[in-house]
Amino acid sequence: MNREGGHIQGVQWIAPDFLLLSGSSSTVSYYASVKNGQVVKVDTLLQFPYKHAGGFQVNHGLLAVGVEDNEAKNSSQVLIYEFYDPTKPLGVPLQVIKRTGQAKRATAGCVAIARQQKQFLLLVGDWDTRHLDLYQIPTDRISDPTTEFTLVESIALEEHFRDGWIDDTWWPYQNINLFHFEGALYLIGLGINNQKENVADLFAVSLEPTLQLTKIATQTFPQQQQTSFLWGAGVYWHPGTKKMKVLATPYTIGQENVIMVYQ
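Just so you know, these numbers come straight off a predicted model, no measurement behind them.

Focus on the layout of surface pockets
So, step 1. Of the volumes computed, that of the largest pocket is approximately 440 Å³.
So, step 2. Along the walls of the largest pocket sit 20 residues, with Val58, Asn59, His60, Tyr236 and Trp237 positioned nearest its centre.
So, step 3. For the lining of the largest pocket, the elements supplying multiple residues, two or more each, are strand S1 (8-14), strand S5 (52-59), strand S13 (175-181) and strand S17 (227-238).
So, step 4. Looking at the lining of the largest pocket residue by residue, the classes come out as 12 nonpolar, eight polar and no charged.
So, step 5. When its volume is computed, the second largest pocket comes out at roughly 350 Å³.
So, step 6. If you list the elements that add at least two residues to the lining of the second largest pocket, you get strand S14 (184-192) and S17.

What to know about unusual backbone geometry
So, step 1. The amide bond that connects Phe48 to the next residue, Pro49, takes the cis arrangement and shows omega of 10°.
So, step 2. If you trace the backbone, Pro49 turns up in the loop between strand S4 (38-47) and S5.
So, step 3. Here the bond from Glu208 into Pro209 is cis, since omega is 0°, no more than 30 degrees from zero.
So, step 4. With respect to the helices and strands, the residue Pro209 is situated in the loop between strand S15 (198-206) and strand S16 (212-221).
So, step 5. Phi is positive for His60, which is not a glycine, with a value near 55°.
So, step 6. The residue His60 is located in the loop between S5 and strand S6 (62-68) in this model.
So, step 7. One non-glycine residue, Gln117, lies in the positive phi region at around 55°.
So, step 8. Tracing the sequence through the fold places Gln117 in the loop between strand S9 (110-116) and strand S10 (119-125).

Some remarks on the pattern of salt bridges
So, step 1. A full pass over the atoms with the stated rule returns nine salt bridges.
So, step 2. Residues Arg105 and Asp126 are paired through a salt bridge, measuring 3.4 Å at the closest nitrogen-oxygen approach. In this pair, Arg105 is assigned in the loop between strand S8 (95-100) and S9 and Asp126 in the loop between S10 and strand S11 (131-138), connecting sequence segments 21 residues apart.
So, step 3. Residue Asp126 is classed as buried on the basis of its relative accessible area, which comes to 3%.
So, step 4. Between Asp201 and Lys215 there is a salt bridge, and its shortest N-O distance comes to 3.2 Å. Of this pair, Asp201 sits in strand S15 while Lys215 sits in strand S16, placing them 14 residues apart in sequence. For the pair formed by Asp201 and Lys215, the shared burial category is buried.

Calculation criteria
Residue numbers here run from 1 along each chain, matching the order of that chain's written sequence. Note on the predicted model: pLDDT of at least 70 is required for a residue's local features to be given, and 80 or more for side-chain atom pairs to be given and counted; whole-chain, interface and lining totals, by contrast, use all residues. Excluding hydrogens and water, the side-chain values take into account all heavy atoms of the structure. Using a 1 Å grid laid over the protein atoms alone, points where a 1.4 Å probe fits but cannot get out form a cavity; open sets with protein on both sides within 12 Å along at least 5 of 7 lines form a pocket; any residue with an atom within 4 Å of a point counts as lining. Grid points are joined across faces, edges and corners, and a volume is the space filled by probe spheres set on the points. Each helix is a run of H or I in the DSSP string that is no shorter than four residues. Each strand is a run of E no shorter than two, and both are numbered from the N terminus. Under the convention adopted here, Pro, Cys and the residues Ala, Val, Leu, Ile, Met, Phe, Trp and Tyr are nonpolar, Asp, Glu, Lys and Arg are charged, and Gly plus all remaining residues are polar. The salt bridge definition used is simple: a Lys or Arg side-chain nitrogen within 4 Å of an Asp or Glu carboxyl oxygen. Only protein chains enter the accessibility calculation, which uses a 1.4 Å probe; a residue whose area is less than 20% of its type maximum is buried, one above 50% is exposed, and one in between is partly exposed.

As structure tokens, this is what we get:
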């Protein structure tokens with residue numbers, strides 16, 4: 001694989017023994033499968049100029065990942081795949097969202113996906129996660145080629161109100177993940193703070209009457225064994241045990257690799 005010009009961007013744990021990694025390089029965007037500590041597959045997502053696969057999420061039988069042109073920074077594609085078996089190839093995407101426009105604004109550096117009643121919700125963060133774009137599609141139309149995700153709403157985080165937040169900070173998150181807990185929807189942002197510490201911020205998500213985020217918790221994690229939330233990170237949420245694992249990756253895939261797991 002090409003290790004030049006990019007790094008691991010995101011990680012997801014597929015219980016009990018699979019890890020998925022997204023990554024960028026100077027030529028292609030890729031995803032890798034890891035089983036029982038061994039890299040078993042590295043596959044290309046898209047070719048140049050879409051060589052920068054960002055933070056991603058696997059949820060409700062879907063894998064959603066944004067791939068951007070990180071040089072011109074004026075276009076990206078969000079790929080949504082059916083995903084139930086990590087041993088099988090991704091195949092053809094069920095949906096492709098093409099984004100074009102102003103430099104940095106049309107990128108897709110991190111995405112999160114969840115099911116809410118009869119809709120799939122998709123949140124896409126642009127460059128440094130300065131904006132979040134909310135897309136929706138009916139759950140029964142996800143595999144219909146005549147139906148596309150609809151852009152419902154966009155918010156600029158610099159202007160987003162902070163009433164009820166535990167602090168006023170919104171970091172340039174490398175990864176965002178959505179999950180449900182006791183019927184409510186939450187977002188976790190993973191990145192680094194000004195002290196270069198790994199930070200995980202928890203937001204309550206409200207969709208009525210408009211998309212609103214409220215920061216309700218924050219925690220820092222030590223950077224260990226050459227891993228960082230600045231590169232690849234992700235969350236595994238087990239609804240049965242109500243326990244969470246937070247994962248951090250090294251810069252790139254080498255002969256020996258360490259994934260840090262906090263829980």
